[in-house]
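So the chains spell out like this:
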Amino acid sequence: MLSIKIAIRFLKTGGGQSLLIIIGIAIAVSIQIFVGLLIDSLQKTLVDRTIGNSPQITILSATDISTIRDWESLVRVVGEVDQIKTVAVSATANAFVEDGNLDLPIIVRGFNFDDIDDIYNIRDSLYEGDQYQSAREVLMGKDLREDLEVDIGDQLVAKTPEGEEIVFIISGFYDLGVASINESWILANLETTQRIFNFGNRITSIEATVKDVFAADTIALEIEKILDNDNIKINNWKDQNEELLSGLEGQRMSSMVIQLVIIASVIIAISSVLAITVLQKSREIGILKAMGIKDSAASLIFIYEGLIVGLIGTTLGVILGLCLLYGFNASTTSPDGAAIVDLYIEYDFILKSWFIGLAASTFAGIFPARKSLKLSPVEIIREG
Amino acid sequence: MSSIIELKSVDKIYTGTVDTQVLFDINLTFDSGSCNSIVGESGSGKSTLLNIMGTLDKPTKGEVIINGARTSDMDKNKLADLRNETIGFVFQFHYLLPEFTAEENVLIPYLIKHRRASKEIMERANELFEILGITKWKNSTVTKMSGGQQQRTAIARALINNPKILITDEPTGNLDSETTKKICNSFREINQRFGSTFIVVTHDLRVAEKTDRIIEIRDGKIEKDTVK
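Residues numbered from 1 in each chain as written. Chains lettered and ligands numbered in written order. Predicted model: local features only at pLDDT ≥ 70, side-chain atom pairs only at ≥ 80, totals over all residues.

Participant: So what's going on with the overall build of chain B? Which residues, and what values?
Facilitator: The number of helices and strands found in chain B is seven helices and ten strands. The C-alpha atoms of chain B give a radius of gyration of 17 Å, which matches the 17 Å a tight globule of 228 residues would have. Once the C-alpha set of chain B is aligned to its principal axes, its extents read approximately 45 × 40 × 40 Å. Considering chain B as a whole, with its 228 residues, one finds that 48% of them fall into the buried category. Intrachain contacts of chain B at a sequence separation of at least 6 include 70% that bridge at least 24 residues. (Helix = DSSP H or I, 4+ residues; strand = E, 2+ residues; numbered from the N terminus. Rg over C-alpha atoms; globule rule 2.2 N^0.38 Å. Buried ≥ 20, exposed ≤ 12 C-beta atoms within 10 Å, placed from the backbone. Contact = placed C-beta atoms within 7 Å.)

Set out below in structure tokens:
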């Protein structure tokens, strides 16, 4: 109790010196919070915008025949895997549409609308028109629409590779934000696609999203093990996006290094300032020891000093860091006013940073505390 | 009268580039409740003797027995307990904590062992402030007090735990003659009222003359031991 009381008084009378340590900790922790959360948000935004609105696991045929039969049981098994969020089946085939003298390749993708909405968030991507209702209705991407100059209700005449003509009615236009999809995918009813391309009841792929996108590879392996079927192959986004992943990993590592440097500088800064305090207060410590305070209690004064400045500094740092983050996010917007980075506030990370800052500050008190152990009252008294 | 401090064949040698012996075969006994002074010239070894009696320093040879216990058998923590409970110190410089008020400074030796000040200890602090004539300044911070008031606060602090021994080293060394007189009278009153054993190291004969026993020390040896 006395050690805490003395620590508080030492800090209070330290005035500017104590304030400087607190500001130092607050700035360091705020940078840690700002950098950590920003990089984390950047990664998540990047992943979300890259693979968030697409399947993270895709099951395809591994045989010469590109379609899968008896897919209902496979869908059931995949859907039962704990980490799987949504599962959809698709019947996909290539076709062509005429644009003047050119034949444009298109991909007709047959889905149940609710399934495709779960994966591609298609409902929110519809910028004109409505979802397909009747068997012939389809959705067209923004880029293809611009090429073909068509409107809602217009007919879309496509040809199968075999030369058979198919006529669709355009019910809506979507914009998934990916040009390669927007210019080639025609989204249609599953049964219609199966019938037009003579798939029968067969499908071409099972697509799934997972709860933790970074666990997609292990979940894919788990599914492979459960299904134990040589006729199918399972792809996951991680295996297909190694460059993106290594970029993200590099970003994560640089964030870690920045945070480690910050923690190290906090410890060094606080230690050195508190070490000066030991010298400044050596007379007081000496006389306290003469009065019977034990070495451990005298050392605790400096540990408590570290703890108190840490408590105030890290708390202020968290607030400052969040203000910086929100301020940064508000000031960096795309021309349409939307934020460039979607903020993901990880409370675990904030709590961890707060705790690490506090632990580092308290730890920094150990060095001056050790120094105080060596203070001998008789030497202080002899020196006057 | 039983003895409270016993020194048996105490030597003290400071080791360094050149070893210096400052105390030679000191044998002394102080009776409980007695009022004593140790006088000697600067460098005679009197402060070293005082520090050894106060367990702040260790003898190179010999034994120190305080309140029946051999200090050589005690570790640092036990010695700290002994100082806190049995010995009060007053030094030439007051060494008060400038961050605290006079009252808070006085209570520190008690708070080393207790979580909070009891009603009884507050009453004792007030009594000491009254005896020492500093009641008016008990809520003042140390820096706002005069040298005499600071030294009297240091005396109150030394006495708060009702120690059996009060060791003072040149307590009036920095004070004018009027304040010195007042402090000497306070020492005498405290000695009679609380029965503490008083040992004062001084080179001021006016202070020494107020005690019942004067021990003269020269070149680390007891030159004269006079009991009035």
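Participant: Outline the packing of helix α2 (residues 16-52) of chain A against helix α14 (residues 347-364) of chain A, listing residues and values.
Facilitator: All names here are of chain A. Their axes nearest at 10 Å, the elements α2 and α14 cross at an angle of 150 degrees. It follows that α2 is roughly antiparallel to α14 by the angle criterion. In this structure, the crossing between α2 and α14 has a hand that is right-handed. Contact residues: α2 offers Ile25, Val29, Gln32, Ile33, Gly36, Leu37 and Asp40, while α14 offers Phe349, Ile350, Ser353, Gly357 and Ser361. A per-class count over the contact of α2 with α14 returns six nonpolar, five polar and one charged. (Axes fitted to C-alpha atoms, helices over the stretch in contact; angles between N-to-C directions. Parallel < 35°, antiparallel > 145°, perpendicular 65-115°, else oblique. Left-handed = near helix turned anticlockwise from the far one by under 90°. Nonpolar A, V, L, I, M, F, W, Y, C, P; charged D, E, K, R; others polar.)

Participant: Explain the sheet that holds strand β1 (residues 3-14) of chain B to me, and be specific about the residues and the numbers.
Facilitator: Residues and elements named next belong to chain B. Strand order in the open sheet formed by four strands is β2-β1-β4-β5, with antiparallel pairing between adjacent strands. Where the open sheet ends on each side, the last strands, each with one partner, are β2 (20-31) and β5 (69-70). In this sheet, strand β4 (residues 61-66) lies alongside β1 in antiparallel orientation, the contact comprising five bridges. Bridge pairing links aspartate 11 to lysine 61 in β4. Those strands touched by helix α1 (residues 46-53) are β1, β2 and β4, and its axis lies near 125 degrees from that of β1. (Pairing = 2+ DSSP bridges.)

Participant: Let's hear about the interface of chain A and chain B: which residues, and what values?
Facilitator: Listed as interface residues are 18 residues of chain A and, on the opposing side, 21 residues of chain B. Secondary structure elements with two or more residues in the side of chain A that touches chain B: α1 (2-14), α12 (282-290) and α16 (377-383) of chain A. Its residues assigned to classes, the side of chain A that touches chain B shows ten nonpolar, three polar and five charged.

Participant: For α1 of chain B, give the residues involved together with the corresponding values.
Facilitator: Since the α-helix packs 3.6 residues into each turn, any two residues three or four apart lie on the same face. Residue and element names in this part refer to chain B. Burial analysis of α1 places eight of its eight residues in the buried class, the great majority of the element. For α1, the full list of buried residues reads Lys46, Ser47, Thr48, Leu49, Leu50, Asn51, Ile52 and Met53. Just downstream of α1, threonine 55 is the residue with a positive phi angle, here 60 degrees.

Participant: Account for the domain arrangement of chain A, naming residues and giving values.
Facilitator: One can read the domain layout of chain A as domain 1 (2-50 + 244-383) and domain 2 (54-239). Taking only C-alpha atoms into account, the centre of domain 1 of chain A sits 52 Å from that of domain 2 of chain A. (Domains from an automatic or database assignment.)

Participant: Explain helix α9 (residues 216-227) of chain A residue by residue, including any values.
Facilitator: All names here are of chain A. Between its terminal C-alpha atoms α9 stretches 16 Å, which fits the 16 Å expected from twelve residues at 1.5 Å a residue. Along α9, the residues classified as buried are Ala216, Ile219, Ala220 and Ile223. Buried residues of α9 fall within an arc of 105 degrees about the axis and therefore sit on the same side. In this structure, α9 carries Leu221 and Lys225 as exposed residues pointing more than 90 degrees from its buried face. Packed against the buried residues of α9 are β1 (57-61), α3 (71-80), β9 (205-210), β10 (232-236) and α10 (237-240). At the exit of α9 stands aspartate 228, carrying a positive phi of roughly 45 degrees. (Expected span 1.5 Å × (residues − 1). Arc of directions from axis to C-beta.)

Participant: Please provide a residue-by-residue account of the sheet that holds strand β8 (residues 197-202) of chain B, values included.
Facilitator: All names here are of chain B. With mixed pairing, the six strands of this open sheet are ordered in space as β6-β7-β8-β3-β9-β10. Strands at the two margins of the open sheet, each flanked by one partner only, are β6 (87-90) and β10 (221-227). In this sheet, adjacent strand axes meet at a mean angle of 15 degrees when their direction is disregarded. Here five bridges tie strand β7 (residues 165-169) to β8, and the two strands are oriented parallel to one another. Residue pairing across strands places aspartate 169 opposite valine 201, the latter belonging to β8. Along the sheet, helix α5 (residues 147-159) makes contact with β6 and β7, crossing β6 at roughly 170 degrees.

Participant: Which residues make up the confidence of the model for chain B, and what are the values?
Facilitator: When the pLDDT values of chain B are averaged, the result is 87; 98% of them are 70 or greater. Reported confidence for the predicted complex is 0.87 by ipTM and 0.73 by pTM. (pLDDT = per-residue confidence, 0-100.)

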